[in-house]
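Residue strings, one per chain:
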Amino acid sequence: ATAYYLARNHGLRRVAVLEKGWLGGGNTGRNTTVVRSNYFYPESVALYDLALRLYEGLSRALNFNIMLSQRGMLIAAHSPMQMEICNRIANAMQLNGVDGEVLGADEALARVPLLNQGPGARYRCHGGVWQGRAGIARHDAVAWAYARAASDLGVDIIEACAVEDLILEGGRCVGVETAEGPVRADAVGLAAAGATPGLAAKVGVRLPIHTYALQAFVSEPVKPCLDTVLLSLGTGTYVSQSDKGELVFGGALDRVPTHGQRGNLGVQEGVIAGLVEMCPAFGQLRLLRQWAGVVDVVPDSSPVIGPSGVAQLYLNCGWGTGGFKAIPAGGWLLAHLMATGGHHPISAPFDLDRFTRGRLIDEAAGSGIAH
């Protein structure tokens, strides 16, 4: 995305994308594909709604169907206290110019009739927050669309080319050492998710990032039964139904730091228990597959976008669970930084210096679950 916007927005065609593995082989292809902008703070809403607006026109702009389905998202509340939180979220969204609506219990159940309202329900639905523009998109298609469009503009995309070191001359980053040899550049953008701290440390930059596994699950396909994205505040489980009929769902982070991309039975049990409590009808389904993505989390659960402290080296990291939904904005803003050397107004609050200034943007509950 960064390479595409460097070429399209700034006319810079001598751009190389260096990928250790293959295109879409990292978190881009290992997530649950939700796109939304139902965040709390103005800075976060500006960032994620830029991404959502770009997503809304992306298929046409890139001439590639990313299969965007704006089916809406319901954050379901299960107590009066959670409804208070939902009211605050919806008010903040509306004040920030984003579509957000508070639903009562009957309205929420009309949108998601499968929600558990039985006499033995542990988490009865009291209502929730609705964002109608939220939805899902095809993760692989987003990566391929940006890659093809960037390539058409003259960008070089080099796969199976691991970056092993950064080249410093006179205190400036002037390129990278790769497994295939050096690549020199006037600006270097580091957007490597969980691998970012290790690479940044090679030039003396310490980043406040910890990496965790975020697990996801897919059920066997069934006929259409869920036409929204659903997140339960009571269980922390979220779910949507893919175009193939599979249920795609997940929950909170595995809080043990790791770089592994494998799931485990403990988290599986907790997430599935939450899904079945939320929608008992899903209890009969068989699990098709399970995997994990590695998420890079900073103390305030908001991304780091900005200069690294080393001249000509720019950072785009710390996205935690928000990376896929922000791909267009992350690329747009990093391209602006690399091309101009300065912040776009939307990226400025996410500069690394916020940790020394104390200007944190604490979005730990931005998706309704701790992350």
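Okay, so let's go over this structure. (Residues numbered from 1 in each chain as written. Predicted model: local features only at pLDDT ≥ 70, side-chain atom pairs only at ≥ 80, totals over all residues. Heavy atoms only, no water.)

## A closer look at the packing of aromatic side chains
- Inspection of the entire model under this criterion finds 9 aromatic pairs.
- A centroid spacing of 6.2 Å and a plane angle of 85 degrees characterise the contact between tyrosine 48 and tryptophan 319, whose relative ring orientation is edge-to-face. Placement of tyrosine 48 in helix H2 (residues 42–56) and of tryptophan 319 in the loop between strand E18 (313–317) and helix H9 (327–340) is noted, with a sequence separation of 271 residues between them. Take tyrosine 48 and tryptophan 319: they sit in the same class, and that class is buried.
- A network of ring pairs unites the aromatic residues Tyr4, Tyr5, Tyr146 and Trp332 as a single cluster.
- When the ring centre of tryptophan 130 is taken as reference, the NZ or CZ atom of arginine 111 above it lies at 4.1 Å. (Phe/Tyr/Trp six-rings, centres within 6.5 Å; stacked < 30°, edge-to-face > 60°. Helix = DSSP H or I, 4+ residues; strand = E, 2+ residues; numbered from the N terminus. Buried < 20%, exposed > 50% of the residue type's maximum accessible area, 1.4 Å probe, protein only. Lys NZ or Arg CZ within 6 Å of the ring centre and 35° of its normal.)

## Digging into the sheet that holds E18
- Taking strand neighbours across the sheet as the criterion, the 3 strands line up as E11-E18-E17 in an open arrangement whose pairing is mixed. Looking along the sheet, the strands with just one partner apiece sit at the ends: strand E11 (188–190) and strand E17 (304–307). Strand-to-strand, the axes of this sheet are offset by a mean angle of 15 degrees, without reference to chain direction.
- One ladder, built from 3 bridges, connects E11 with E18; its direction is parallel. The residue bridging glycine 189 from the neighbouring strand is tyrosine 314, located in E18.
- The sheet contacts of H9 involve E11, E17 and E18, and relative to E18 the element is tilted by about 170 degrees. (Pairing = 2+ DSSP bridges. Axes fitted to C-alpha atoms, helices over the stretch in contact; angles between N-to-C directions. Contact = heavy atoms within 4.5 Å.)

## Concerning helix H6 (residues 139–152)
- In this model H6 runs 20 Å from its N-terminal to its C-terminal C-alpha over 14 residues, within 8% of the 20 Å that 1.5 Å per residue would give.
- Counting buried positions along H6 gives 10 out of 14 residues, so the element sits mostly inside the fold.
- For H6, the elements touching its buried residues are helix H1 (2–10), H2, helix H3 (58–62), strand E7 (156–158) and H9.
- Just beyond H6, the residue with positive phi is glycine 154, at close to 105 degrees. (Expected span 1.5 Å × (residues − 1).)

## So, the sheet that holds strand E16 (residues 287–297)
- The strand order across the open sheet formed by 8 strands is E4-E5-E3-E13-E14-E15-E12-E16, and the pairing between neighbours is mixed. For this open sheet the edge positions go to strand E4 (101–104) and E16, each flanked by a neighbour on one side alone. On average, each strand axis in the sheet is inclined to that of its neighbour by 20 degrees, with strand direction left out of account.
- With 5 bridges connecting them, strand E3 (residues 73–77) and strand E5 (residues 127–131) associate as antiparallel partners. Each residue of the ladder has a partner; that of isoleucine 75, found in E5, is valine 129.
- Each of strand E12 (210–219), strand E13 (229–232), strand E14 (238–241), strand E15 (247–250) and E16 is contacted by helix H8 (residues 265–278), which is oriented at about 50 degrees to E12, the strand it contacts most.

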